[in-house]
Amino acid sequence: VIAYDADTLEKLFETEAIPGAQLQSPVIYHDGYIYLGSRAGSPEYVCFSTEDTDPSTPDEVVEAAWSQAAPEGSLGFGWIGAAFKGDTCFFADASGTVYSVNAKTGALIDS
């Protein structure tokens with residue numbers, strides 16, 4: 001994912017590669033973070049901070065704040081968005097598992 005300044009369209013940073021074969025989920029922005037998931041391969045649901053930690057370079061690569069791997073055999077997180085309540089992020093995988101995690105740390109609350 002590549003982030004651009006909305007006013008100048010200058011590149012700010014890009015994220016590290018997201019595991020999985022295909023990105024097919026919506027990109028959800030919430031409270032300074034983006035959330036998205038991949039499908040097939042080794043699918044993961046990931047969260048990235050949108051803070052530009054090094055404004056001096058547009059080539060910085062931002063690591064995920066957290067990620068949640070799909071269970072083995074699941075098709076992952078295709079077409080699946082997220083919902084938020086307070087500091088909790090809710091999302092599901094294609095096998096039907098629903099996750100609740102701390103939105104900023106990814107600490108699992110329940111599944």
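Up top is the structure these notes are about.
Residues numbered from 1 in each chain as written. Predicted model: local features only at pLDDT ≥ 70, side-chain atom pairs only at ≥ 80, totals over all residues. Heavy atoms only, no water.

**Let's talk about the overall build of the chain**
Looking only at helices and strands, the chain has 0 helices and 12 strands in total. Its helices and strands taken in sequence order, the chain reads β-β-β-β-β-β-β-β-β-β-β-β from the N to the C terminus. The C-alpha radius of gyration of the chain comes to 14 Å, within 12% of the 13 Å expected for a compact globule of 111 residues. Expressed as lengths along the three principal axes of its C-alpha atoms, the size of the chain is roughly 40 × 30 × 20 Å. The buried share among the 111 residues of the chain stands at 37%. Counting only contacts in the chain whose residues sit at least 6 apart along the sequence, the fraction spanning at least 24 positions is 38%. Carbon and sulfur atoms make up 51% of the accessible area of the chain, which amounts to about 6200 Å² in all. (Helix = DSSP H or I, 4+ residues; strand = E, 2+ residues; numbered from the N terminus. Rg over C-alpha atoms; globule rule 2.2 N^0.38 Å. Buried < 20%, exposed > 50% of the residue type's maximum accessible area, 1.4 Å probe, protein only. Contact = heavy atoms within 4.5 Å. Areas by Shrake-Rupley, 256 points an atom, 1.4 Å probe, with all protein chains shown as cover.)

**Brief notes about the sheet that holds strand S2 (residues 11–15)**
Pairing within the open sheet is mixed, and its 3 strands lie in the order S1-S2-S7. Either end of the sheet is taken by a strand with one partner, and the two such strands are strand S1 (2–4) and strand S7 (61–62). Pairing of S1 with S2 involves 3 bridges; the strand directions are antiparallel. Residue Ala 3 lies in a different strand from S2, and its bridge partner there is Phe 13. (Pairing = 2+ DSSP bridges.)

**So, the pattern of salt bridges**
Throughout the structure, instances matching the rule amount to 3 salt bridges. With a closest N to O distance of 3.1 Å, Asp 31 and Lys 104 form a salt bridge. Residue Asp 31 is found in the loop between strand S4 (28–30) and strand S5 (33–39), and its partner Lys 104 is found in the loop between strand S11 (98–102) and strand S12 (108–110); the two are separated by 73 residues along the sequence. Classification of Lys 104 as partly exposed rests on a relative accessible area of 37%. (Salt bridge = Lys/Arg side-chain N within 4 Å of Asp/Glu carboxyl O.)

It is worth stressing that arrangement in space is one thing and function is another; only the former is reported here.
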